[in-house]
Structure formats: C-alpha cells, structure tokens
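# Inside the fold
Read off the chains here:
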Amino acid sequence: MVPGARLVILGKQGAGKGTQCARLARHYVVPHISTGDMLRAAARSQTEFGRKAKEFMDAGELVPDEVMIGLVKERLEYEDTALRGFILDGFPRTAAQAEALAELLGERELDLAIDIELPTEEALARLGSRRVCNVCGAIYSTDKAPYVNWTCDHCGGEVVQREDDQPEAIRRRLVLYEEQTAPLIAWYLEHDKLVTVDGLGTPEDVFRRLVGALEAKRQAT
Ligand code: AMP
C-alpha cells in the first residue's frame, strides 16, 4: 500500500460514506475532510456562520455553493493535504462544486471519485437507525450502540440522532441527492475518474472493495 490518496467519495445519504472515509483516511494516512462535519462543528460553535449553516442543514437543504467552495478551498490550503492528499466526504455535491474542485486542485489531480451504490430502501433503513456522537462525529446505530449509555466510546460525547436524520429531512435530502448530486456521477464518468462499488454488505466488505478500486486504478495507470 502506498501512503497518500486523493479521493472523492460519492453516494446517497446512508451509503456509508462517513464510516468508509474515516477508514480510508487511516489506511492511506491522509486527512478525512467531511464538509458535513465541518458545518456541524461550526453550528456547535454558535458563530453567525454556524447558525446559518445549521438552518440549511436542519431543513435538509444544501448550503450555497460559494460558501462550500470557500470552505473547502481554505481547507485544501493546509500543508497536510498538499503532502499526502485527502479523502473528501460530502464534497462536491453539485456540478458547480465539482468544477471548482478540479480548478482548485490544478495539477494535483484526483486519483478517483468512487460512488458507493446502495438501494434507496436500504439507505432509508440505515438513516432511520443512525446515531452520531455530537462531539467527534463517530457513527453508531440502534443495532450497534456505544458500550455505555449512549456515550461515545472514543471521546465521551453524547450520542444522538441527527436533526437531519428525521423522516421529513431524510426525504428532502434524498430528493436533492437525485437532483443535484447524482449528475456528478455523470460528470466524473465523462472525466474518466469514476468507479462504482457496491455498498451492500459489512463495512469490511465495502472497505475492501474501495481499496481494491483504487489499487486497480493505480496499477492501470
Ligand atoms: P452530510 O453530513 O454530508 O450528510 O452533510 C449534512 C448537511 O450539510 C447536508 O444535508 C447539507 O445541508 C450540508 N452540506 C454538507 N456538505 C455540503 C456541500 N458540499 N454542499 C452543500 N451543502 C452541504
């Protein structure tokens, strides 16, 4: 395994992006850049920006492109991403964001955009049972709770259901995914960067498929 990777992970809500991106980041020793986690941290800090972002998030709406592009641009300027790369989780989400990302990266081109494919029925079931740590973002479920009384195993934070994992917001987010994010799959296909992996099975199964996809691409180039 070569350390370092420049990956975008796509997939509808519930496809397992957060879990898999955290594992990929450990495996390739690169930062996990989750725009959702960045926005939730801003919301917790109660800044003006955080309060506005929270309104979009709680309604299941997308935060405007210019805001998101600015946020990611700033993060990609840190030295860690220049040295080894990144796993981008939740960005890009629109064609405009994908164009902006390609421009930001310039010669540091992406290795791949990997789409984790999952039937909507399965995604809905997973989102309904998902629970997250409201401090570090670690992901649990009603079937796989933390060891002690909904307290995070990693940081001791409270493990809760996300506001946007309520049924109304879930429906809105899945509609937006089909409208805005699914076309990204076509965009990356056209740019010869797309690989699709099956999101069904255990987290270990899906992780093996993701690493296999990147290694196959590296061997082919
Ligand atoms: P996530 O944790 O990736 O599901 O993101 C949670 C919420 O944050 C989304 O439903 C959006 O409201 C917002 N968000 C995260 N990433 C983006 C993005 N790239 N563009 C617009 N909104 C975003």
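Below, the structure is looked at part by part. In this convention, every chain numbers its residues from 1, walking through the sequence in written order. Selection of residues for local features in this predicted model requires a pLDDT of at least 70, selection of side-chain atom pairs for listing and counting requires 80 or more, and totals for whole chains, interfaces and linings are taken over all residues. Excluded from the side-chain calculation are hydrogens and water; included are all heavy atoms of the structure.

## Quick notes on the sheet that holds strand E6 (residues 139-141)
Operational definition: Strands were regarded as paired on the criterion that DSSP finds at least two bridges between them. Note on conventions: DSSP H or I runs of at least 4 residues are helices, E runs of at least 2 residues are strands, and numbering of each starts at the N terminus.
Read from one edge to the other, the open sheet built from 3 strands follows the order E6-E5-E7, with strand pairing classed as antiparallel. Two strands close off the open sheet at either side, each with one partner strand: E6 and strand E7 (159-160). As defined by bridge partners, strand E5 (residues 130-133) adjoins E7 across 2 bridges and the pair is classed as antiparallel. Following the sheet pairing, Cys 133 is matched in E7 by Val 159.

## Considering the side chain of Lys 17
Definition in use: Contact between two residues is taken to exist if any of their heavy atoms lie within 4.5 Å; hydrogens are not considered.
Mapped onto the fold, Lys 17 is located in helix H1 (residues 17-28). Once residues lying within four places of it in the same chain are set aside, the contact partners of Lys 17 are Ile 9, Leu 10, Gly 11, Lys 12, Asp 89 and Ile 116.

## Digging into the packing of H1 against helix H9 (residues 203-220)
For clarity, the cut-off: Axis definition: a line fitted to C-alpha atoms, over the contacting stretch in the case of helices. Angles run 0 to 180 degrees between N-to-C directions. Small angles under 35 degrees read as roughly parallel and large ones over 145 as roughly antiparallel, with 65 to 115 read as roughly perpendicular and the rest as oblique. Crossings are sorted by hand: turned counterclockwise from the far helix by less than a right angle, the near helix makes the crossing left-handed, and turned clockwise it makes it right-handed. Throughout, the ten residues Ala, Val, Leu, Ile, Met, Phe, Trp, Tyr, Cys and Pro are labelled nonpolar, Asp, Glu, Lys and Arg are labelled charged, and all others, Gly among them, are labelled polar.
Running from N to C, H1 and H9 cross one another at 50°; their axes reach a closest spacing of 10 Å. Classified by the angle their axes make, H1 and H9 are oblique. Remark: the crossing between H1 and H9 carries right-handed chirality. In contact with Gln 20, Arg 23, Leu 24, His 27 and Tyr 28 of H1, H9 contributes Pro 203, Glu 204, Val 206, Phe 207, Leu 210, Val 211, Leu 214, Glu 215 and Arg 218. Taken together, the residues that form the contact of H1 with H9 break down as 8 nonpolar, 2 polar and 4 charged.

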